[in-house]
2 protein chains.
Amino acid sequence: MAEFIVDPRIEASSVLIGDLKLCQVRLQNDARFPWLVLLPRQAGLTELIQLEGEDEARLFWDVRVAQGALATACATVLTRPYDKFNVANLGNVVPQLHIHVIARHAGDDAWPGPVWGHGTSVAYADDVLDALKTRLSQTLSRAMG
Amino acid sequence: MAEFIVDPRIEASSVLIGDLKLCQVRLQNDARFPWLVLLPRQAGLTELIQLEGEDEARLFWDVRVAQGALATACATVLTRPYDKFNVANLGNVVPQLHIHVIARHAGDDAWPGPVWGHGTSVAYADDVLDALKTRLSQTLSRAMG
C-alpha cells in the first residue's frame with residue numbers, strides 16, 4: 001500500500017498543525033484569510049466521493065473540529081470577525097484530495113468572491129504564526145482527547 | 001417549523017432536477033460548466049456543520065449520486081470530458097446552505113481557477129437544457145429507487 005505523502009506544493013504554502021481522525025490539518029500561511037487545509041491520510045485519493053464507510057463521518061467530524069478551531073483562533077489570536085465558512089474540495093491545481101476550511105469575513109480581500117487564485121498570498125508575521133499554531137493545535141488535541 | 005424555500009437568486013439561475021435523500025438538486029443554467037446545486041430541504045441552514053446525525057451520510061450519498069449523474073450527462077448529452085469535480089459550500093453571496101457539484105475540464109473557461117464570480121453565465125440552448133434535465137432526472141430517480 002502506497003504511503004501518505006503531502007504534495008510538496010501544499011507543504012510549501014502551509015504549516016503542519018496536527019492530526020484529526022481522518023485528516024492531517026495544515027494552516028495556509030496566508031495572513032489575508034484564516035484558512036485550514038485538511039488532507040485525508042490515505043495515498044491515491046483525488047475525489048471526495050472516494051472516501052468510504054466510516055471515513056465520511058470522520059471527515060465531517062474533522063471539518064467540524066477544524067472550523068471550531070479556526071473560529072476560536074479568529075476570536076482570540078487574530079481578533080478578527082468572520083461571517084461565513086467556505087468548505088470546499090477543488091483540486092484543480094493539486095490533485096491530492098484536500099479540503100479547504102476558510103473563515104470568510106464580509107470585507108476580506110476577496111469577498112464575496114472565492115479566495116483561490118485571488119491575488120498573492122501574504123505570509124503571517126512570525127509571532128502571529130506561532131500563536132496561531134499553538135492555539136489551533138491545542139484545540140485539535142483537546143478534541144482528539 | 002419554518003418551511004424550506006429556495007432562495008430566489010438560486011431559483012433564477014438554475015432549473016429544478018429533482019430530490020435526493022437530503023437535498024433538492026438543481027442544474028445551474030450555465031453552459032460553460034456542468035454544474036449542479038444541492039440544497040438540503042431544511043429551513044434556516046447556512047453552514048455545512050449544522051447538519052446533524054444521519055443527514056451527514058445523506059449528504060454524502062446525494063453528492064455521490066449527483067456527481068455520477070453529472071458524469072453521465074457529460075459523457076452522453078454534452079459529450080464533454082471532465083478531469084475533476086469541485087464540491088463546495090461557499091455561501092458568500094447566498095447564505096442559504098447549498099453545495100456546488102461541478103464537473104471541471106482542463107481547458108474550461110475558468111480552469112484552473114474557481115468558477116464562482118468568473119465572467120458571465122451563458123444559458124444552455126433549449127434543446128440541450130431539455131436533454132440535460134431528462135437525463136439528470138432519470139439518473140436521480142433510478143438512484144432513489
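In the block above lies the structure referred to throughout.
Conventions adopted
Each residue is numbered by its place in its chain's sequence as written, counting from 1. Chain labels run from A onward and ligand labels from 1 onward, assigned in the order the entries are written. A pLDDT threshold of at least 70 governs which residues receive local features in this predicted model, and a stricter bar of 80 or more applies before side-chain atom pairs are shown or counted, although totals over entire chains, interfaces and linings include all residues. Water and hydrogen atoms play no part in the side-chain values, which are based on all heavy atoms of the structure. The distinction between a cavity and a pocket rests on a 1 Å grid over the protein atoms alone: a 1.4 Å probe fits inside a cavity but cannot get out, while a pocket stays open yet meets protein on both sides within 12 Å along at least five of seven lines, and a residue with an atom within 4 Å of a point counts as lining. Grid points are joined across faces, edges and corners, and a volume is the space filled by probe spheres set on the points. Helix numbers and strand numbers start at the N terminus; a helix is a DSSP run of H or I with at least 4 residues, a strand a run of E with at least 2. Lys, Arg, Asp and Glu make up the charged group, whereas Ala, Val, Leu, Ile, Met, Phe, Trp, Tyr, Cys and Pro make up the nonpolar group; the residues left over, Gly among them, are polar. Only the stretch in contact is used when fitting a helix axis, every axis being a line fitted to C-alpha atoms; angles between N-to-C directions are given from 0 to 180 degrees. In what follows, roughly perpendicular refers to angles from 65 to 115 degrees, roughly parallel to angles under 35, roughly antiparallel to angles over 145, and oblique to any angle outside these ranges. Crossing handedness follows the turn of the near helix against the far one: under a right angle anticlockwise gives a left-handed crossing, and clockwise gives a right-handed one. Only heavy atoms matter for contacts: two residues are in contact if any of them lie within 4.5 Å across the pair. Side-chain rings of Phe, Tyr and Trp (the six-membered ring for Trp) are treated as a pair once their centres are within 6.5 Å; stacked means planes under 30 degrees apart, edge-to-face means over 60, and tilted covers the remaining angles. Look at NZ for Lys and CZ for Arg. If either is within 6 Å of the ring centre and within 35 degrees of the ring normal, a charge sits over the ring. For a helix, the expected span equals 1.5 Å multiplied by the number of residues minus one. Only protein chains enter the accessibility calculation, which uses a 1.4 Å probe; a residue is then buried when its area is under 20% of its type maximum, exposed when over 50%, and partly exposed in between. Two strands are counted as paired when DSSP detects at least two bridges linking them.

(A) Structural detail: empty space enclosed by the protein. Here the structure, examined in full by the defined rule, presents one cavity of 30 Å³ or more. In this structure, the largest cavity spans a volume of roughly 250 Å³. In this structure, the largest cavity is lined by 18 residues; those nearest its centre are A:Leu48, A:Leu59, A:Phe60, A:Val87 and B:Leu48. Listed by contribution, the elements that provide at least two residues to the lining of the largest cavity are helix H2 (54-76) and strand S4 (84-89) of chain A together with helix H2 (54-76) and strand S4 (84-89) of chain B. When the residues that make up the lining of the largest cavity are grouped by side-chain class, the tally is 16 nonpolar, two polar and no charged.

(B) Highlighting the packing of H2(A) against H2(B). For the pair H2(A) and H2(B), interaxial distance at closest approach is 10 Å and the crossing angle is 110°. When the interaxial angle is binned, H2(A) and H2(B) end up roughly perpendicular. The element H2(A) and its partner H2(B) pack so that their crossing is right-handed. Contacts between H2(A) and H2(B) pair A:Glu56, A:Ala57, A:Leu59, A:Phe60 and A:Arg64 from the former with B:Glu56, B:Ala57, B:Leu59, B:Phe60 and B:Arg64 from the latter. For the contact of H2(A) with H2(B), the residue count by class is six nonpolar, no polar and four charged.

(C) Main features of the packing of aromatic side chains. This structure, assessed with the given rule, holds five aromatic pairs over all chains. Look at A:Phe33 and A:Trp35: their rings are 6.3 Å apart centre to centre, the planes differ by 65°, and that puts the pair in the edge-to-face class. Centroid distance A:Tyr82 to A:Phe85: 5.2 Å. Interplanar angle 55°. Geometry classified as tilted. The cationic tip of B:Lys21 hangs over the ring face of B:Trp61; the distance from NZ or CZ to the ring centre is 4.1 Å.

(D) Region of the structure containing helix H3 (residues 126-144) of chain A. All names here are of chain A. End to end, H3 covers 27 Å across 19 residues, agreeing with the expected 27 Å (1.5 Å per residue, within 8%). Buried residues along H3 sit in contact with strand S1 (14-19), strand S2 (23-28), strand S3 (35-40) and H2. Once H3 finishes, Gly145 follows within two positions and takes phi at roughly 65°, a positive value.

(E) Broad picture of the pairing of S4(B). The buried count for S4(B) comes to six of six residues, which makes it a mostly enclosed element. Alternating residues of S4(B) divide into B:Lys84, B:Asn86 and B:Ala88 and B:Phe85, B:Val87 and B:Asn89, and every residue in both groups is buried. The pairing of S4(A) with S4(B) spans three bridges and is antiparallel. Bridging across to S4(B), A:Val87 finds its partner in B:Asn89.

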